[in-house]
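# Fold and geometry: a report
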Amino acid sequence: MTKQSVLVVDDERDIRELLTITLGRMGLAVLTASNVTEAKERLAEQAFSLCFTDMNLPDGNGQELIELIATRYPETPVAMITAYGNVDAAVSALKAGAFDFVSKPVDINMLRRLVQTAMKLAEQRKVEPPSAGAAKMLGDSPAIQTLRGTIGKLARSQAPVYISGESGVGKELVARLIHEQGPRASGAFVPVNCGAIPSELMESEFFGHKKGSFTGAQGDKDGLFQTANGGTLFLDEVAELPIHMQVKLLRVIQEKAVRPIGGRAEVPVDVRILSATHKSLARLVESGQFRQDLYYRINVIELRVPPLRERREDVPKLAGRVLERLGQEHGQPPAKLTPEALASLLAYAFPGNVRELENVLERAVALCENNLIKSEDLRLSPAAATAAPKESLEEIEDVESSDGDGGLDSYISNLEREAIMKALQETRYNKTAAAKKLGITFRALRYKLKKLGID
């Protein structure tokens, strides 16, 4: 069986020898180069399963080599060797297409984990096309096809990805696809809503704790980073992290290690970080609510998920899949849309995106007769059944008129109060659940409650 080959590019003989010995013990064939010119010659001579390159080389820099490999040899993952604490160099390398980075002095255990991940990627690509998992993302629009292609590319990297997009567009689905198509697919995918964890419990939840480290700590507990070790940690609504946790998170990302509460030693963790929020992190950085250094560290690559109004041609296929699922759940054939109902969906702006489409159809299935959904069963808001707005969902809600022409008022008129009260009663006055039942956002419901004087 032919050994997999690794190219090591560094002008320091000690580093070349260290990597040659370590990688050789892992059963890999190692070739070395001391400068960019030699590296280019080696790359032209044979294919490599992985490449390590230093940043500063006598006749050029590692960045140039990374860009060359990304363009000419895209099947070869490349990792940057950086000076300790040189975060800027690591971020630049990842943006240029590096698979990952390792800092000097080289931690042998961390190096082995990086190599194992890279080898898994090489094996995975032999048996599965890079876009196979993206079939879960329905649609044939240019926007969704572009997104699928980008997901396939990002899955090969270990760079942190910041997934931006409005509420309801499917940011967690995108994160899962990046995980499932990458070399960490066999590891855990751990999603966490940063806004749902009480501030005083965050450190314990993220980093774990030791028995007796605080009142109630009756045993050792692994944190989310340890749970995701070898896999992916998805930080949803990352903008909700308080400043003190932003500082700690930045350190963990840089050091690739966590210290449990009450622990004396740091625990190494091998985790890929994906994050998302519907808010503008750049604006929060400007206002001092989000640390700039953390922003640049998690936003190495930004992936925007398009809103549904930018891919309206995908609505029929999405609606069909939702109706199939609802039919299965109810043990009956899928409900059908009349041509007029489908036309209404296509004309609707969907400020709540795919999540709102699901809610609208679930409500319509309950209201329709003979399993046939008519336009009136959809109960769409005329305010959103126009040309697609450019504003984000948050901005739309902020400028919603108070004259009774928009939102829920326009399509259930005098029954509005009864509909809201019924939803609140059915959900035991859980406003979040009531908003979901009504097919509107929590903020929109809060606005309506205030407008109608409902406590």
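Position labels on residues start from 1 in each chain and follow its written sequence. Where local features are concerned, this predicted model is filtered to residues with pLDDT of at least 70; where side-chain atom pairs are given and counted, the filter is 80 or more; whole-chain, interface and lining totals use all residues. Computation of side-chain values covers all heavy atoms of the structure but excludes hydrogens and water.

### Details of the overall build of the protein chain
This is how it is decided: The numbering of helices and of strands both runs from the N terminus, where a helix is a DSSP run of H or I of at least 4 residues and a strand a run of E of at least 2. Here's how the labels work: a residue is buried when its accessible area is under 20% of the maximum for its type, exposed when over 50%, partly exposed in between, all with a 1.4 Å probe on protein chains only. Throughout, a residue-residue contact means that at least one pair of heavy atoms, one from each residue, lies within 4.5 Å. Surface exposure here means Shrake-Rupley accessible area, sampled with a 1.4 Å probe, where a residue is shielded only by the protein chains that are shown.
A tally of regular secondary structure across the protein chain gives 21 helices and 16 strands. In the protein chain, buried positions account for 49% of the 455 residues. A separation of at least 24 residues holds for 71% of the contacts in the protein chain among residues at least 6 apart in sequence. A total of about 22000 Å² of accessible surface is found on the protein chain, and carbon and sulfur atoms cover 49% of it.

### A few points about the packing of aromatic side chains
Spelled out, the test is: The criterion for an aromatic pair is that two Phe, Tyr or Trp rings (for Trp, the six-membered ring) have centres within 6.5 Å, with stacked assigned to planes under 30 degrees apart, edge-to-face to planes over 60 apart and tilted to the rest. Criterion for a charge above a ring: Lys NZ or Arg CZ within 6 Å of the ring centre, and within 35 degrees of the ring normal.
Under the definition given, this model contains six aromatic pairs. Arranged with centres 6.2 Å apart and planes meeting at 50°, the rings of Phe-206 and Phe-207 form a pair that is tilted. Residues Phe-206 and Phe-207 agree in their burial class; the two are buried. Through a chain of ring-to-ring contacts, three or more aromatic side chains come together here, namely Phe-206, Phe-207 and Phe-225. One residue, Lys-256, lies across the ring of Phe-101, its end atom 4.6 Å from the ring centre.

### Some words on empty space enclosed by the protein
One water molecule sets the probe size; rolling that probe over the atoms shows where empty space is left. Convention followed: Here a cavity is any set of points on a 1 Å grid over the protein atoms alone where a 1.4 Å probe fits but cannot get out, and a pocket is any open set with protein on both sides within 12 Å along at least 5 of 7 lines; a residue lines the site when it has an atom within 4 Å of a point. Grid points are joined across faces, edges and corners, and a volume is the space filled by probe spheres set on the points. Amino acids outside the nonpolar list (Ala, Val, Leu, Ile, Met, Phe, Trp, Tyr, Cys, Pro) and the charged list (Asp, Glu, Lys, Arg) are all regarded as polar, and Gly is one of them.
Applying the stated rule across the entire model yields two cavities of 30 Å³ or more. Computed from the structure, the largest cavity encloses a volume of approximately 310 Å³. Lining the largest cavity are 21 residues, and of these Asp-100, Ile-253, Lys-256, Val-271 and Arg-272 sit closest to its centre. Breaking the lining of the largest cavity down by element, the ones donating at least two residues are strand S7 (100–103), helix H5 (108–127), helix H10 (243–255) and strand S13 (272–277). In terms of residue count, H5 provides more of the lining of the largest cavity than any other element does, four residues in total. Class assignment of the residues belonging to the lining of the largest cavity gives a composition of 12 nonpolar, two polar and seven charged.

### Focus: unusual backbone geometry
With phi around 60°, Asn-370 is a residue other than glycine that occupies positive phi space. Take Asn-370: it is sitting in the loop between helix H15 (353–367) and strand S16 (372–373). According to the relative accessible area criterion, Asn-370 is exposed, its value standing at 77%. Even without being glycine, Arg-379 reaches a positive phi, approximately 50°. Looking at the secondary structure, you find Arg-379 in the loop between helix H16 (375–378) and helix H17 (393–398).

### Focus on the sheet that holds strand S1 (residues 5–9)
Condition: Strand pairing requires that DSSP identify at least two bridges connecting the strands. For helices, the fitted axis covers only the stretch in contact; all axes are lines through C-alpha atoms, and the angles between them, taken along N-to-C directions, range from 0 to 180 degrees.
Here we have five strands laid out as an open sheet, ordered S2-S1-S3-S6-S7, and parallel in their pairing. Where the open sheet ends on each side, the last strands, each with one partner, are strand S2 (29–33) and S7. Taking each pair of neighbouring strands and ignoring which way they run, the sheet shows an average axis angle of 20°. The sheet contact formed by S1 and S2 spans five bridges and is parallel. Residue pairing in the sheet places Val-6 in a bridge with Val-30 of S2. Where helix H1 (residues 13–25) meets the sheet, its contacts fall on S1, S2, strand S3 (50–54) and strand S6 (78–82), and the angle it forms with S2 comes to roughly 170°.

### Examining the nonpolar core
As a reminder of what qualifies: Nonpolar cores are built from buried Ala, Val, Leu, Ile, Met, Phe, Trp, Tyr and Cys residues. Side-chain atoms within 4.5 Å join them into one set.
Ile-163, Val-174 and Ile-178 are the most contacted members of the largest nonpolar core, which totals 45 residues. No other element matches helix H4 (residues 87–96), which puts six residues into this core. Leave out the neighbours within four places in its chain, and Ile-163 touches Lys-171, Val-174, Ala-175, Ile-178, Phe-234, Ser-275, Ala-276, Thr-277, Leu-303 and Val-305.

### Re the pattern of salt bridges
As a reminder of what qualifies: By salt bridge we mean one thing: a side-chain nitrogen of Lys or Arg within 4 Å of a carboxyl oxygen of Asp or Glu.
Considering all chains together, one arrives at 17 salt bridges under this definition. In this structure, the salt-bridge partner of Lys-317 is Asp-140, at a minimum N-O distance of 2.8 Å. Here Lys-317, found in helix H13 (residues 315–330), pairs with Asp-140, found in the loop between H5 and helix H6 (142–156); they are 177 residues apart in sequence, far enough to count as distant. Overall, the relative accessible area of 49% leaves Asp-140 in the partly exposed class. Sharing partners across several salt bridges, the network here consists of Asp-10, Glu-12, Asp-54 and Lys-104.

### Some remarks on the confidence of the model for the protein chain
Let me state the cut-off plainly: pLDDT: the predictor's confidence for each residue, scored from 0 to 100.
Summing up the model confidence of the protein chain, the mean pLDDT is 82 and the portion of residues at 70 or higher is 84%. Across the protein chain, the secondary-structure element scoring lowest on mean pLDDT is H17, at 33, and the one scoring highest is strand S10 (residues 232–236), at 95. Low pLDDT (under 50) marks residues 387–415, which in the prediction has 61 contacts with non-local residues, meaning those over four places away or in another chain.

### A short note on the pairing of S1
Defined as follows: When the strands point away from the viewer and the connection leading from the first strand across the helix to the second strand turns clockwise, the crossover is called right-handed.
Within S1, five of the five residues are buried, which leaves the element mostly enclosed by the surrounding structure. A two-sided burial pattern is seen for S1, the buried positions comprising Ser-5, Leu-7 and Val-9 on one face and Val-6 and Val-8 on the other. With H1 bridging S1 and the parallel S2, this β-α-β connection has right-handed handedness. The sheet contact formed by S1 and S3 spans four bridges and is parallel. Considered in S3, the bridge of Val-6 is made with Leu-50.

### So, the environment of Leu-326
Tracing the backbone shows Leu-326 in helix H13. Residue class for Leu-326 comes out buried when judged on its relative accessible area of 2%. Through-space distance from the C-alpha of Leu-326 to that of Glu-358 is 9.5 Å; in sequence the pair is 32 residues apart. Leave out the neighbours within four places in its chain, and Leu-326 touches Leu-361, Glu-362 and Val-365.

### Topic: the packing of H13 against helix H14 (residues 339–347)
As a reminder of what qualifies: Each angle receives one of four descriptions, namely roughly parallel if under 35 degrees, roughly antiparallel if over 145, roughly perpendicular if within 65 to 115, and oblique otherwise. Take the far helix as your reference; a near helix turned counterclockwise from it by less than a right angle gives a left-handed crossing, and one turned clockwise gives a right-handed crossing.
Put simply, H13 and H14 touch, their axes get as near as 10 Å, and they point 120° apart. The orientation of H13 relative to H14 falls into the category oblique. Judged by the sense of rotation from one axis to the other, the crossing of H13 with H14 is right-handed. Here H13 contributes Val-315, Pro-316 and Ala-319 to the contact with H14, which in turn contributes Leu-342, Leu-345 and Leu-346.

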